[in-house]
Number of protein chains: 2
Amino acid sequence: MRGMVEPQAKSEKRVVVVGVGLIGGSVAAAVRHRLPDCQVVGIGRCEQRLQAAADAGLLTGWATDVTSEMLSGRCVVVVCLPVHLIATHVRRIAEKASDDVLITDAGSVKAVICDAVNEHEAASRLFVGAHPIAGGEQGGFEHADADLFHDKVCVVVAGDATSARKPLVHRTRHFWQHLGCRIVDMTADEHDRVLALTSHLPHLMAAVTTTVAGTDNLSLTGSGFRDATRIAAGDAELWTAIMAGNRASVIAAIGRAEETLADYRKALEQQNDERLLELLATAAECRRKLSS
Amino acid sequence: MRGMVEPQAKSEKRVVVVGVGLIGGSVAAAVRHRLPDCQVVGIGRCEQRLQAAADAGLLTGWATDVTSEMLSGRCVVVVCLPVHLIATHVRRIAEKASDDVLITDAGSVKAVICDAVNEHEAASRLFVGAHPIAGGEQGGFEHADADLFHDKVCVVVAGDATSARKPLVHRTRHFWQHLGCRIVDMTADEHDRVLALTSHLPHLMAAVTTTVAGTDNLSLTGSGFRDATRIAAGDAELWTAIMAGNRASVIAAIGRAEETLADYRKALEQQNDERLLELLATAAECRRKLSS
């Protein structure tokens, strides 16, 4: 299987990265590093930033918009924009793309994107949603890292892969594999439900912890606080779009957090230290199943 | 000032570490490293563990209980036990100690300890509470680190330092300074109120985040989740004692977290993305005031 499919990914001649920030820049860096014969074209709004990314060795070319010429022949378009912009761009790109173009994305939510893309005939034919679970608090291609995706899980939304769609789904898996990812197939809804628990709620909890501690007390924080709240420094606009794009699951996750936090409060109020120990031991046991 | 006081700390001839776990072991390691002429006596329950700590170079001697002989002449006793055991041990130690013994501790709560110690005449005369804000999820002297306290804040509870008590408070400050700490003077109540926000609540929030995510979804977590929940792996018994030892402040901190989390839920439910952005931006701005 592996021998059969590797040449596929290696045969990509051009990767178009739409949005050259931390994720887009890292996709570009990884492609440059791992598929050295492949063109990497960056698409963005700001010419100076794009030229700087090219000067940094991330891009072999750039433009402020995709063109039909750029999207003719075999190429992969990776849309690395804030989640609320992805579907619109996928649809626009699909309208200009030839039939052997694959469009994928790196958005942290999947259902709203896949649903909006699927309403559009050309886009639904060329698009396979993905989410490499990798990132950082600091945006911008300056923090791009060719190894950002190394050994990270990438969720691929295969959908009900009809035989016509199967090669495209395979191609998507192998593209992300070539950047270093381990592939996990999920439906968009399943992805969003799980990521609400493993990423979106943790972000909110870190934000709440930070806000409640306040700036006056930062000198009395240790490494535990720094670790626990690091993600809260992430770009607020990007995260607003992510939360809004996964509203129902995030609200449900908050509800579960509220219940669990209330369990702790009640145990403390009732001086039920046995229950408090039980709650903390359950969490510690769960956390120890994960590497530090 | 510095020239006047350094010889004081350097003139300590013996440090008795009661409880040779991560913190006690690190106190021992730091003393061995920074005050090489000083004896370091470890006190613990398990002879094999104490001998192993001595074999590891942390201790120059050990015993399963303190003795009057050990506590005669100038020495510092550092009580590094779980917080609910500290006051009792301080009182027992004070009964055996000569007048030039300093007793300090490393407990994460201060008011319950200082109050209990102050009810005891001999103990209140010899004890100055402290809290070096340093630690780790993994207990045991095997994880001891001579540099654990390097550049970390150590809160010293000077109390209403009467002229008779001042030398003892000075000596405490300089002892912890010699282990690498930066000293911050606070009252016990102020310490507990602030640490509820900067340490105890963050631990609970990380525990809640971990529990809500559950073990089934760990493969879909990234580095953000790992960082945000790392502290939740800490010893549940130690943390139960800490929360119970700072009950009122922790309950108040949970209340504030519940309110803030509800703000996020309401913003999401009301589709008020402007408010959501405002909340996330406030948290991000606050967190960015702290180094990563």
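For clarity, every value in this text was computed on a predicted model and none was experimentally measured. (Residues numbered from 1 in each chain as written. Chains lettered and ligands numbered in written order. Predicted model: local features only at pLDDT ≥ 70, side-chain atom pairs only at ≥ 80, totals over all residues. Heavy atoms only, no water.)

### Quick notes on the environment of V157 of chain A
Residue and element names in this part refer to chain A.
Then comes step 1: Its location among the elements puts V157 in the loop between β8 (153-156) and α7 (166-178).
Then comes step 2: Looking at V157, the relative accessible area reads 9%, which means it is buried.
Then comes step 3: Along the primary structure V157 and T64 are separated by 93 residues, whereas in three dimensions their C-alpha atoms are 28 Å apart.
Then comes step 4: Contacts of V157, omitting those with residues within four sequence positions, involve K110, C114, V128, G129, R165, M186, T187 and A188. (Helix = DSSP H or I, 4+ residues; strand = E, 2+ residues; numbered from the N terminus. Buried < 20%, exposed > 50% of the residue type's maximum accessible area, 1.4 Å probe, protein only. Contact = heavy atoms within 4.5 Å.)

### Focus: the pairing of strand β1 (residues 14-18) of chain A
Residue and element names in this part refer to chain A.
Then comes step 1: Where burial is concerned, most of β1 is hidden: 5 out of the 5 residues are buried.
Then comes step 2: Here β1 shows two buried faces, one formed by R14, V16 and V18 and the other by V15 and V17.
Then comes step 3: Looking at chain direction, β1 and strand β2 (residues 39-43) are connected through 5 bridges and run parallel. Of the residues in β2, the one forming a bridge with V17 is G42.
Then comes step 4: Between the parallel elements β1 and β2, the chain passes through helix α2 (residues 22-34) in a crossover that is right-handed.
Then comes step 5: The pairing of β1 with strand β4 (residues 75-79) spans 4 bridges and is classified as parallel. The partner of V18 across the bridge, within β4, is V79. (Pairing = 2+ DSSP bridges. Right-handed = clockwise from strand over helix to strand, strands pointing away.)

### Side note on the packing of aromatic side chains
Then comes step 1: For the coordinates displayed, the defined rule picks out 4 aromatic pairs over all chains.
Then comes step 2: Between F175 of chain B and W176 of chain B, the aromatic rings sit 5.5 Å apart at their centres with planes inclined by 75 degrees, giving edge-to-face as the arrangement. For the residue pair F175 of chain B and W176 of chain B, the accessibility class agrees, reading buried in each case.
Then comes step 3: An aromatic cluster is defined as three or more aromatic residues linked by ring pairs; in this entry it consists of F149, F175 and W176 of chain A. (Phe/Tyr/Trp six-rings, centres within 6.5 Å; stacked < 30°, edge-to-face > 60°.)

### A word on α2 of chain A
Then comes step 1: The end-to-end C-alpha distance of α2 of chain A, which contains 13 residues, comes to 18 Å, matching closely the 18 Å that a straight helix rising 1.5 Å per residue would cover.
Then comes step 2: Buried within α2 of chain A we find L22, G24, G25, S26, V27, A28, A29, A30 and V31 of chain A. (Expected span 1.5 Å × (residues − 1).)

### Here we look at the sheet that holds β2 of chain A
Residues and elements named next belong to chain A.
Then comes step 1: An order of β3-β2-β1-β4-β5-β6 is seen for the 6 strands of this open sheet, with the pairing classed as parallel. In this open sheet, the two strands that pair with only one neighbour each are β3 (61-63) and β6 (127-128).
Then comes step 2: The strands touched by helix α4 (residues 83-96) within the sheet are β1, β4, β5 (101-105) and β6, with β4 carrying the most contacts at an inclination of about 155 degrees. (Axes fitted to C-alpha atoms, helices over the stretch in contact; angles between N-to-C directions.)

### Section: the relation of the copies chain B and chain A
Then comes step 1: With an axial shift of 0.0 Å and an RMSD of 0.0 Å, the rotation relating chain B to chain A amounts to 180 degrees. Here the two chains are linked by the operation of a two-fold rotation axis. Across chain B, the rotation axis passes nearest the C-alpha of A228 of chain B, at a separation of 1.8 Å.
Then comes step 2: Comparing interface residues between copies, 100% of those in chain B also lie at the interface in chain A; the contact surface is shared. (Least-squares fit on C-alpha atoms with pLDDT ≥ 70 in both.)

### Notes on the packing of helix α11 (residues 247-269) of chain A against helix α8 (residues 188-213) of chain B
Then comes step 1: Taken N-terminus to C-terminus, the directions of α11 of chain A and α8 of chain B make an angle of 130 degrees; their axes are 9 Å apart at the nearest point. By the angle class used here, α11 of chain A and α8 of chain B are oblique. Read as a crossing pair, α11 of chain A and α8 of chain B show a hand that is right-handed. Note on element contacts: α8 of chain B touches α11 of chain A through L204, M205, A207, V208, T211 and V212 of chain B, opposite A253, R256, A257, T260, L261 and Y264 of chain A.
Then comes step 2: Tallied by class, residues from the contact of α11 of chain A with α8 of chain B come to 9 nonpolar, 2 polar and 1 charged. (Parallel < 35°, antiparallel > 145°, perpendicular 65-115°, else oblique. Left-handed = near helix turned anticlockwise from the far one by under 90°. Nonpolar A, V, L, I, M, F, W, Y, C, P; charged D, E, K, R; others polar.)

### Topic: the confidence of the model for chain A
Then comes step 1: Per-residue pLDDT for chain A has a mean of 94; in total, 96% of the residues score no lower than 70.
Then comes step 2: Reported for the predicted complex are a pTM of 0.93 and an ipTM of 0.92. (pLDDT = per-residue confidence, 0-100.)

### Looking at the sheet that holds strand β9 (residues 182-185) of chain A
All names here are of chain A.
Then comes step 1: Across the sheet, which stays open at both edges, the 3 strands sit in the order β7-β8-β9 with mixed pairing between neighbours. With one partner strand each, in any of the chains shown, β7 (130-132) and β9 form the two edges of the open sheet. Adjacent strand axes in the sheet meet at a mean angle of 20 degrees, parallel and antiparallel pairs treated alike.
Then comes step 2: Where β8 and β9 come together, 4 bridges link them in parallel fashion. The partner of C154 across the bridge, within β9, is I183.
Then comes step 3: This element, α7, spans β7, β8 and β9 of the sheet and lies at about 145 degrees to β9.

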